[in-house]
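Here is how the chains run, residue by residue.
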Amino acid sequence: MANSLSEMIQEIVNKSYEEKVMGAKIALGECFGILNRIGLEKEKSTMMLITFLTAAVAVNGEFSAPERRMLKDIFDDDFEGLVKAMDKKAFDMMNQMVDTLDGRDKASFCLLASFILAVDDEIDADEYKYLIKLLQ
């Protein structure tokens, strides 16, 4: 069991692709539950989560093939089509929404982002800073 964020992230990085996909799907379900609890309907929740994850993978300026593959695998949908439908309004709403969450809910979003960012078997310094910022 991890005692720190760095240890938790390293445990996630060390998992197999299949374990990362399973962990991301579980975390995605938790995040959908959070968004449902605060009153967002499924379509808006999906768009918020797509926006959130797109922002996470863009942190280091690279959207790698493994990140694309994982997002397709966890959404079981036309992920790229959903990303193209995203707009600035959704991004602004997502930022405001995450800022209003309590620590436990922010941790769920951080965990989801960690699984996605770790898919290429590392989390670089920019990605790590992003995860820290999510928790604040």
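You'll find the structure just up there.
Residues numbered from 1 in each chain as written. Predicted model: local features only at pLDDT ≥ 70, side-chain atom pairs only at ≥ 80, totals over all residues. Heavy atoms only, no water.

### Let's talk about the nonpolar core
Now for step 1: If you look at the biggest cluster of nonpolar residues, it comprises 42 residues, and the most contacted ones within it are Phe52, Ile74, Phe109, Leu112 and Leu131.
Now for step 2: Sorting the residues of this core by element identifies helix H1 (5-13), helix H2 (17-37), helix H3 (42-58), helix H4 (65-75), helix H6 (88-100), helix H7 (103-117) and helix H8 (125-135) as the ones contributing at least two each.
Now for step 3: Residue contacts for leucine 131: discarding those within four places in its chain leaves Ile9, Cys110, Ala113, Ser114, Leu117 and Ile123. (Core = buried A, V, L, I, M, F, W, Y, C linked by side-chain atoms within 4.5 Å. Buried < 20%, exposed > 50% of the residue type's maximum accessible area, 1.4 Å probe, protein only. Helix = DSSP H or I, 4+ residues; strand = E, 2+ residues; numbered from the N terminus. Contact = heavy atoms within 4.5 Å.)

### Overview of the pattern of salt bridges
Now for step 1: Following the criterion strictly, the structure yields 3 salt bridges and no others.
Now for step 2: A salt bridge links aspartate 105 to arginine 37, with the nearest nitrogen and oxygen atoms 2.3 Å apart. Linking aspartate 105 in helix H7 with arginine 37 in helix H2, this pair joins segments that are 68 residues apart in sequence.
Now for step 3: Its relative accessible area of 8% is what places aspartate 105 among the buried residues.
Now for step 4: Residues aspartate 73 and arginine 69 are paired through a salt bridge, measuring 3.9 Å at the closest nitrogen-oxygen approach. You can see aspartate 73 and its partner arginine 69 sitting in helix H4, 4 residues apart, about one turn around the helix.
Now for step 5: Residue aspartate 73 is classed as partly exposed on the basis of its relative accessible area, which comes to 28%.
Now for step 6: Using a relative accessible area of 47% as the deciding quantity, one classes arginine 69 as partly exposed. (Salt bridge = Lys/Arg side-chain N within 4 Å of Asp/Glu carboxyl O.)

### Structural notes on the packing of H7 against H8
Now for step 1: Interhelical geometry of H7 versus H8 gives an angle of 165° and a closest axis separation of 9 Å. By the angle between their axes, H7 is roughly antiparallel relative to H8. As H7 runs across H8, the sense of the crossing is right-handed. Facing H7, whose interface residues are Lys106, Ala107, Phe109, Cys110, Ala113, Ser114 and Leu117, H8 presents Glu127, Leu131, Leu134 and Leu135. (Axes fitted to C-alpha atoms, helices over the stretch in contact; angles between N-to-C directions. Parallel < 35°, antiparallel > 145°, perpendicular 65-115°, else oblique. Left-handed = near helix turned anticlockwise from the far one by under 90°.)

### Focus on the packing of aromatic side chains
Now for step 1: Considering all chains together, one arrives at 1 aromatic pair under this definition.
Now for step 2: Geometrically, the ring pair formed by phenylalanine 52 and phenylalanine 109 is edge-to-face, given 5.1 Å between the ring centres and 90° between the ring planes. Within this pair, whereas phenylalanine 52 is found in helix H3, its partner phenylalanine 109 is found in helix H7, the two being separated by 57 residues in sequence.
Now for step 3: On the basis of relative accessibility, which here comes to 0%, the residue phenylalanine 52 falls in the buried class. (Phe/Tyr/Trp six-rings, centres within 6.5 Å; stacked < 30°, edge-to-face > 60°.)

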